[in-house]
Structure formats: structure tokens, C-alpha cells
Amino acid sequence: MKICEELITSPIKEDEKRPIFLELYRKIAEKAISYKKIWYLLRTYILTVARFDLFLQGALLIVILLETNVYLLLRRNAGTGFLHSINEDWVKVGAAGAEFLLGAALGWWGRSWRHLALSGCLGVTAASGLIVLAFPYEESQPLAVELCGGGAISAYNSPISDVTSDLDPYMVPRTVFLCITAVLCALTKISIWSHGLSYLDDHEPHNGPYFYGILISIRLSLGLNGQSWLRPGAVEEDWWHAHISLCMLTLMFSILFTLFPKRMPQFKEIIYEADSGLWSSFTRVFHNRAVMLQTLALSLLYAGLFGFISNDTKFIQARFHIESLRQDPRTSRAINDIFRSLVIIFFVTIFRMRFSVRRSDGVKATTASKVGGVVAVFVSVFFVVLAVLGCSAGDIVGVGDDYSPPACSSQCGCDTARYGFSPVCAVDEGLTYFSPCDAGCRQYQDLKGFVLFENCTCGMQRAIRGSCSVPNCQTVYSVYLLIFALVLAAAGASIMMQGMVVLRSVERQDKPFALGFSYSIIGLLAHLLGHLFYMLISNLTCAYKENGVCIFHHPTVWWMAVTSAILSLLSAAVSVIASRVTPLTDYNGR
């Protein structure tokens, strides 16, 4: 480049005739210098650690939303609409198996060029998601809650076509690529932790808790809102709008990460004599007792937390008889979702600020493990509170050991398994029916979301939307939402501190592999075995099952909260034990 500058600035005599190729080279040199200046500005002001952190946050959120949309489309494939499908359970188990088998290898494979490895994972995931668009759905799904006789109720959601095709020529290839995309989303999340987080931590180790905390906040706040955001559109004809947007955003982040350098100016090079091969890295991490114990603690906490999160809707329906798949104006969760996100972000921010910057090398492994264990105790306490919360919900007509539709609406031909728990209260008798159709209601009036049903064959002709227990359970339900937000906030802080132990207990060269290995074990213990265990609890507490899918549960579903409390307490115990174990190295980026 210096030669190019000399060539450009050298004077040219009037009688001197340069060869054509020399003039061409001079123009190329001018262009090269211009590009060099632009690239210098990008590297100095745009491609910084702060921007990498921002893009990583966006990538995590988009991948979570894409994964959520994939599972919603799998429900549509299964014909269950808004309802949980047994198919998605097995896909989740398969994705967890892929995490276990490939997570550690993925972390090790991208250790040298982490930004490019992350970019590659995002790009492959986006490509797989885009292929799904080649297999459109033939028809919309009939999901509107019905009256006796089949009339749709627009107050619940917009009525759509009642005609579906029994033959879907794209069913098999669409399902295959949805499953592949779900697996790739799971692996991409591991890449975000092992490649993206370790990249940030290597450059600014004193801000490690800050980077980890903001990612966990996104995972447990905005990420959990994905179902409520995407669920309505996943069953409509324009389902592809959201899907293509998420895929293209994923592709955009893939391109952005390719622009970042392998190392930024503040990166401090450290030369290691130890072998960095896969088996050598595995041996060092596997024999690191602090890492292994903390991974076990994280697995227990993840199992208890996400096992309960996946059954949150079932828990609310069974314990409080609150309609949760669709938003009754009296029990809407929209405001709470915003409040919940603020609580999680605020709570995790306290820990991020407390354990960032105060030391040049960041929080120590033993300190992080101890704090993470103590906070996990509070998670366990909050789960116990959720388990004991209850109200006088009463009974639902037809719900016993097994669900049997009321005889008074037998002529209606109800298919409530298609749209789920949509309770109505026969006001004259004070009885709750599973749906307007099960109450035999043939007419309704929509008073701005407050729905009155008339001409009902069950009860005394009149009914209102919602169970009869709403007045009794509304306050307790609000308390449940508050405690649930505290569960997520405390769990986020505990995961952040426990996760920092993995970063601080290994040498820099082993960070990507250690994070990938840790999340592969979490995939096995929490997302595979843990998910299967919660599926067993769901099956044992089910009161209404149709085609292998549990539509409604007995109040004994509180065992899910008790199980989560026990797992969180075990996580706390193992984390505290890990704090007593001196890691083979307490490496903090120096």
C-alpha cells in the first residue's frame, strides 16, 4: 500500500508517457487507498466490541423467535392449531440429542475463527428456514371457538375457513425441513454461547457478567414472549410473512458477523504450549472438577426452569381455570408480559453491575459459583410458593378421571380438542363448562370482549365467557404472575453467575469447547431427560387427552412446580459444593 501511495503522489512530467498498464495500476491504487480508509473507519467506529455485543443480542432473540415459529408451524402440521402437539415434544427431544452429540464438537470446531463459525451457523439455519417456504400450506386451519352447531365466535379470534384438505402434498418435505431448522436453531444457540460469548469475554473479561447477563435476560424475557407474538399468525394464510422475516434477519446477522476481525486491537495474545486438539481439550475440561460440577448444577436448574415454563399454560388452566391460550380481557397477560420483562432485566442488571468492572479480570470462579448457588435457593422458594398457590376454582362439568362431554350438549357435535380450554359459566347454576359448545350455546353477543351466550341447552339458557371461578381466582392469578416473574428473574441471575464459572475455570483456548461441552451436557440432562420427565408428569396428571395430546390437567399438576423446586434446590447444593472445589485454573483473561 505504501508503494501505491508513492505511485500516486509522484510527479508526472508533461513529456513523460507512462505505459498503459502503469496508469491502470495507478487507478487501482487510488481505489485501494479509498477502500482502506473506509475499512479503517469501519474497524475503528463500527466493528467494535460494543457492536458485536449488540448484534449477538439481536441474533439470539431472532434465533429464539425463529425456533418458536418453527414449533408453531409443527403444531399446524399436526392439525392442533394453538394446542400443544406431541410431535413438537419429540422434535425437542431430538434437538436436545443433537445438542448432546454435536455441542462440544461445534464449540471446538469454531474456536480459531469464532465470528466466522457463528456466522456459518446463522447462515445455515437461515437457509434451512427459507427452504420451508417452498412448501406452502394449502388451507388455513379452522381454529375459531365454536358454538353448538358449528358457528364461529369472532370474539375469540377471527373466524377462518372451515374447509381443510385431507391431502397435503407438501406435508412430508415441510415437516422434514421444519425439524431440520429446529435442530439447527438449537445448535446455533450453542454457537452464540460458545463462540459469541467467549469472543466478547476474551476481549473484555472484566465485562463478562455484563455480556452473559444481557443474553440471559433476552432469553428469559423477550424470548418467552415469542409464542404470544407469533401464535396468531402461524395458523393464517400469510404465515410466511413472519417466517421469511425471521429467516432474513438471521441471514443479515450472519453477514454482519463476517465483517468483524478475528481479533480486535484490545485483544491480548497469549501463547499456550498445551495441545489444543479435540481430545486434549476434552481431557482438560472433563478433569476440571469445578466445570463438571457447575455444569451439573446448571443442568438441574435448566431442567426445573424450562420444564415448568413449557407447562406454564397447562398449570394456569388446571389450577385457576383461567383461559390462557386466548386472552380474556379480564385475565389478559399482555401487561404482565411487559412487566415481567422489566423485572427480569432489572434483577439481572443488579448482578451484572455488581460483578462487572470492579475487578480488571472480572468475577472469580469460586465467587460466581457461591452466589449462583445462593440465588438458586430463592428460585426453589418461589417455585414452592407457586405450588401452594390455589383458589376455590370449583369443578368443570364433564372433567373427572377422564373427560366426558355433558349429555345436555351431545347433539352439538363439539370438537373442543381442536381449540382447547375455552370455559363459559352458566350464571344461573354457577357451573363451568369446558367450552361454549359443551354448554350447548347457539347464540352470543360480543360487548367489546365481554361475551354473553344465549339459547344454551345446558343450564338456564344464559352463560358468560370465562369460568365461574374468575372472581375468586383473579387475585391469586395475579399473585401467580408476579411470583412467576420473580422465578424467571432469580433463575436468570443464578444462570448468569453459574455460567461464569465455566468461563473462569478454564484457559482462554478452552473457553469455546468448555461452553459447547457444558451446553451439550445441559442438552442431555435438562432438555432431553428433563423434558421426558415433565412429559411423564403431564401424562400422569392429565384429565382430558385426545390423540396423545393432553388438553386439560387435574389440579395435581402442582407436582410440576414441586419438581422444579426440588431440582432448583439440588442445583443450589451442587453449585455451593463447586465453590469449595478449587478449579485447575482460575483463568480470568490476564
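For the structure itself, look to the data block above.
Since we're looking at a predicted model, the values are computed, not measured.

K.L.:
Sorry, what's going on with the pattern of salt bridges here?
P.N.:
All chains considered together, the criterion is met by 12 salt bridges. Across the pair K189 and E67 runs a salt bridge, and its minimum N-O distance is 2.9 Å. Of the two residues, K189 sits in helix α6 (residues 171-203) while E67 sits in helix α3 (residues 49-78), which places them 122 residues apart along the sequence. Taking relative accessible area as the criterion, E67 reaches 10% and is therefore assigned buried. Linking D201 and R504 is a salt bridge whose minimum nitrogen-to-oxygen distance equals 2.8 Å. Of this pair, D201 sits in helix α6 while R504 is found in helix α15 (residues 470-504), placing the two residues 303 residues apart along the sequence. What makes D201 buried here is its relative accessible area of 0%.

K.L.:
In this structure, what is going on with a nonpolar patch on the surface? I would like to understand it.
P.N.:
A contiguous nonpolar surface patch, about 420 Å² in accessible area, is contributed by W90, L296, L525, L529 and L532. For the nonpolar patch, the element with the highest residue contribution is helix α16 (residues 511-540), accounting for 3 residues. Assignment of secondary structure puts W90 in helix α4 (residues 86-109).

K.L.:
Explain the side chain of T181 to me, please; I cannot follow it from the model alone.
P.N.:
With respect to the element layout, T181 can be found in helix α6. Here F177 takes part through its backbone oxygen, which lies 2.6 Å from a polar atom of the side chain of T181. Ignoring sequence-local partners within four residues, the contact set of T181 consists of L66, V70, T125, S128, G129 and V132.

K.L.:
Help me understand the nonpolar core in this model?
P.N.:
Most often, soluble globular proteins have nonpolar side chains that are buried together. By size, the foremost hydrophobic cluster in this structure holds 125 residues, and its most contacted members are F257, L305, L386 and Y480. With 21 residues, α15 is the single largest residue contributor to this core. The residues touching Y480, leaving out its near neighbours within four places in the chain, are F308, D312, F315, I316, F320, L386 and L389. C148, A426, C441 and C458 belong to the second largest nonpolar core, which has 18 residues in total.

K.L.:
In this structure, what is going on with the side chain of S299? I would like to understand it.
P.N.:
By the element assignment, S299 lies in helix α11 (residues 289-309). Within the structure, the side chain of S299 is placed 2.8 Å from the backbone oxygen of T295, a separation counted as a polar contact. Not counting the four nearest positions on each side in its chain, S299 is found in contact with I521, I522, L525 and A526.

K.L.:
What is the right way to look at the sheet that holds strand β3 (residues 441-447) in this model?
P.N.:
Adjacent strands of a sheet pair through backbone hydrogen bonds, lying either parallel or antiparallel. The strand order β2-β1-β5-β4-β3 describes an open sheet built from 5 strands, whose pairing is antiparallel. Both edges of this open sheet fall to β2 (431-433) and β3, since each of them pairs with a single strand only. Direction aside, the axes of adjacent strands within the sheet are offset by 30 degrees on average. Two strands pair when backbone bridges link them, and β3 and strand β4 (residues 450-456) are joined in this way by 6 bridges, in the antiparallel orientation. Paired with Q443 across the strands is E454, a residue of β4.

K.L.:
How do you make sense of the state of the cysteines when you look at a structure like this?
P.N.:
In protein structure, a disulfide is the covalent linkage between the sulfur atoms of two cysteines. Under the defined criterion, the tally for this structure stands at 7 disulfides. Between C391 and C473 runs a disulfide, and the two sulfur atoms are separated by 1.9 Å. Measuring handedness by torsion sign, the sulfur bridge of C391 and C473 sits at about 90 degrees and is right-handed. Here C391, found in the loop between α14 (365-388) and β1 (424-426), pairs with C473, found in helix α15; they are 82 residues apart in sequence, far enough to count as distant. Using a relative accessible area of 0% as the deciding quantity, one classes C473 as buried. Here C542 connects covalently by a disulfide to C550, the sulfurs 2.2 Å from one another. Between C542 and C550, the S-S torsion sits near 110 degrees, and that sign places the bridge as right-handed.

Definitions and limits used
- Residues numbered from 1 in each chain as written.
- Predicted model: local features only at pLDDT ≥ 70, side-chain atom pairs only at ≥ 80, totals over all residues.
- Heavy atoms only, no water.
- Salt bridge = Lys/Arg side-chain N within 4 Å of Asp/Glu carboxyl O.
- Helix = DSSP H or I, 4+ residues; strand = E, 2+ residues; numbered from the N terminus.
- Buried < 20%, exposed > 50% of the residue type's maximum accessible area, 1.4 Å probe, protein only.
- Patch = residues over 30% accessible without salt bridge, like charges linked within 9 Å, V, L, I, M, F, W, Y side chains within 5 Å.
- Areas by Shrake-Rupley, 256 points an atom, 1.4 Å probe, with all protein chains shown as cover.
- Polar contact = N/O pair within 3.5 Å; in protein donor to acceptor, adjacent residues only side chain to side chain.
- Contact = heavy atoms within 4.5 Å.
- Core = buried A, V, L, I, M, F, W, Y, C linked by side-chain atoms within 4.5 Å.
- Pairing = 2+ DSSP bridges.
- Axes fitted to C-alpha atoms, helices over the stretch in contact; angles between N-to-C directions.
- Disulfide = S-S within 2.5 Å.

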